[in-house]
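Now for the letters of each chain:
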Amino acid sequence: MTMKDARRTELLNAASELLATNPTASLAEIAEHAGIGKATLHRYFPSRDDLMLALGYRALEMVTLAIADSQLEQGSTAAALNRLAEHLIPLGDKLHFLLNERILDTHPDFAAADRATQAPILALIQRGQADGEIRADLPAEWIRQHLNYALYGTWQIVHEGFIARRDAARLLVTTLINGIAAK
């Protein structure tokens, strides 16, 4: 890794750290948090959209690795979802702020990359539906989107200290699979 690449990574780390607690932070605030001037930040990321796209692509890389490490093709759907949650929840502080970043929703290349990243999760849900572990009367994409939003909610509630990180994956998957209705 070159010095420029290392510095870029440091800037991305600083930006994601600040944006996790202040999602609307300006480039000036991000530069200050990184300990650099705004002009230096602009040399790496000419605009906020450029920075957000870089953070978005880095997030997709992290999610791709977490999905691979989760070995979604092994075991029951619930067990695979639990492994997935265990791998993704620790990334929450690096990914949470991306939920409301409009450039990621409108950039066609990013949207395609995001769909490709999510494909193994969709395949897991479809496998669970075919095996009878997950309701087949709900669209798989509907379930995948609910899982994504549940992950964001889980990251938030862990960050706020309402649940322990060690309990988060179990709570998320139990709620997703069993719902909230009293039995």
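Residues numbered from 1 in each chain as written. Predicted model: local features only at pLDDT ≥ 70, side-chain atom pairs only at ≥ 80, totals over all residues. Heavy atoms only, no water.

Chemist: Can you walk me through unusual backbone geometry in this structure?
Modeler: Generally, phi is negative for residues other than glycine and the peptide bonds are trans, each holding for most cases. Residues other than glycine seldom take positive phi values, yet Q71 does so here, at roughly 50°. Owing to a relative accessible area of 35%, Q71 belongs among the partly exposed residues under this scheme. (Buried < 20%, exposed > 50% of the residue type's maximum accessible area, 1.4 Å probe, protein only.)

Chemist: Just checking my understanding: could you explain the packing of helix 5 (residues 77–88) against helix 9 (residues 140–159) for this structure?
Modeler: Each pair of packed helices can be summarised by the angle the axes make with each other and by the distance between the axes. Where helix 5 meets helix 9, the closest approach of the two axes is 11 Å, and the angle between their N-to-C directions is 45°. The orientation of helix 5 relative to helix 9 falls into the category oblique. Every pair of crossing elements has a handedness; the one defined by helix 5 and helix 9 is right-handed. Residues L81, L84, A85 and L88 of helix 5 form the contact with helix 9, whose participating residues are L147, L151 and W155. (Axes fitted to C-alpha atoms, helices over the stretch in contact; angles between N-to-C directions. Helix = DSSP H or I, 4+ residues; strand = E, 2+ residues; numbered from the N terminus. Parallel < 35°, antiparallel > 145°, perpendicular 65-115°, else oblique. Left-handed = near helix turned anticlockwise from the far one by under 90°. Contact = heavy atoms within 4.5 Å.)

Chemist: Looking at this structure, I do not really get helix 9. What am I missing?
Modeler: An α-helical turn contains 3.6 residues, so any two residues separated by three or four positions project in the same direction. Given a rise of 1.5 Å per residue, 20 residues ought to cover 28 Å, and the 29 Å separating the end C-alpha atoms of helix 9 matches this to within 8%. Those residues of helix 9 not exposed but buried are A140, I143, R144, L147, N148, L151, Y152, T154, W155 and V158. Next to the buried residues of helix 9 lie helix 5, helix 6 (92–95), helix 8 (108–130) and helix 10 (165–178). Just beyond helix 9, the residue with positive phi is G161, at close to 85°. (Expected span 1.5 Å × (residues − 1).)

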